[in-house]
Amino acid sequence: MRIARIVVRTLMGLLFLFASTTYLFGLITPPPLTGAMKVFSEGLDASVYLMPTLKVVELLCGLAFVLGRFVPLATVLIAPVIVNIVLVHAFMAPEGLPVAVFLVFANAFVASGHRDVFRPLFRP
């Protein structure tokens, strides 16, 4: 199970590293968006600070996952990002839903390997 967690953690980390570096450094031109997804994306861009902040969090968590350092912290930080990814794809762009569902299960699987760290959070 330990090797499976390392593989899943690394795959998730690489996915977040790819997504954040391509955005932050403008390596790939995103495809043109239409409909509700376009309006949503324009709203995020209009806030100016939100997308760069989100991508920096993704970059730091991706590095943590790939390097295997601060993994419990990274799973907690990236969880709300993953929830938002799932909801955006569920309601506006269902073609990305398989990757979003993978992220949910991958993060839960990685976090379950560190359940001893999270146990004090659930004590009364």
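So, here's what we can say about the structure. In this text the structure is predicted, and so the values were computed from the model without any measurement.

Time to look at the overall build of the chain. When you go through the chain residue by residue, the secondary structure sums to six helices and zero strands. Its helices and strands taken in sequence order, the chain reads α-α-α-α-α-α from the N to the C terminus. Along the first, second and third principal axes, the C-alpha set of the chain runs to 45 × 30 × 25 Å. A burial count over the chain gives 28% of its 124 residues as buried. A total of about 8,100 Å² of accessible surface is found on the chain, and carbon and sulfur atoms cover 74% of it.

In this section: the side chain of K55. Tracing the sequence through the fold places K55 in helix 3 (residues 50–67). Given a relative accessible area of 12%, K55 falls into the buried group.

The subject of this paragraph is the packing of helix 1 (residues 2–24) against helix 3. Viewed as axis vectors pointing N to C, helix 1 and helix 3 meet at an angle of 145°, and their least axial separation amounts to 7 Å. Handedness of the helix 1/helix 3 crossing: left-handed. Across the interface between the two elements, R9, T10, M12, G13, L14, F16, L17, A19, S20, T21, Y23 and L24 from helix 1 touch M51, P52, K55, V56, E58, L59, G62, L63, F65 and V66 from helix 3. Here the contact of helix 1 with helix 3 is composed, by residue class, of 14 nonpolar, five polar and three charged.

Next up on the list: the packing of aromatic side chains. In total, this model carries zero aromatic pairs according to the counting rule given. In this structure, R5 is placed above the aromatic ring of F109, and the distance from its NZ or CZ to the ring centre is 4.5 Å. Over the face of the ring belonging to F70 we find R69, whose NZ or CZ atom lies 5.5 Å from the ring centre.

Turning our attention to the environment of L15. Looking at the secondary structure, you find L15 in helix 1. In this structure L15 comes out as partly exposed when scored by relative accessible area, which is 31%. Counting along the chain gives 86 residues from L15 to V101, while the straight-line C-alpha distance between them is 13 Å. Once residues within four sequence positions are removed from consideration, L15 is found in contact with V99 and L103.

Our next topic: the pattern of salt bridges. Working definition: two side chains of opposite charge can pair if their charged atoms are close together. With the rule as written, the count across this model stands at one salt bridge. Two residues, K55 and E58, come together in a salt bridge whose shortest N-O distance is 3.2 Å. A residue pair is termed a helical-turn pair when its members lie 3 or 4 positions apart in one helix, as K55 and E58 do in helix 3 at three residues. Comparing K55 with E58, the two get one shared label, buried.

This part takes up helix 2 (residues 35–46). Taking 1.5 Å as the rise per residue, helix 2 with 12 residues should run 16 Å; its terminal C-alpha atoms sit 17 Å apart, in good agreement. Backbone geometry just downstream of helix 2 places V48 in the positive-phi region, at approximately 70°.

Conventions used here
Residues numbered from 1 in each chain as written. Predicted model: local features only at pLDDT ≥ 70, side-chain atom pairs only at ≥ 80, totals over all residues. Heavy atoms only, no water. Helix = DSSP H or I, 4+ residues; strand = E, 2+ residues; numbered from the N terminus. Buried < 20%, exposed > 50% of the residue type's maximum accessible area, 1.4 Å probe, protein only. Areas by Shrake-Rupley, 256 points an atom, 1.4 Å probe, with all protein chains shown as cover. Axes fitted to C-alpha atoms, helices over the stretch in contact; angles between N-to-C directions. Left-handed = near helix turned anticlockwise from the far one by under 90°. Contact = heavy atoms within 4.5 Å. Nonpolar A, V, L, I, M, F, W, Y, C, P; charged D, E, K, R; others polar. Phe/Tyr/Trp six-rings, centres within 6.5 Å; stacked < 30°, edge-to-face > 60°. Lys NZ or Arg CZ within 6 Å of the ring centre and 35° of its normal. Salt bridge = Lys/Arg side-chain N within 4 Å of Asp/Glu carboxyl O. Expected span 1.5 Å × (residues − 1).

The values reported here are purely geometric and, on their own, carry no functional implication.
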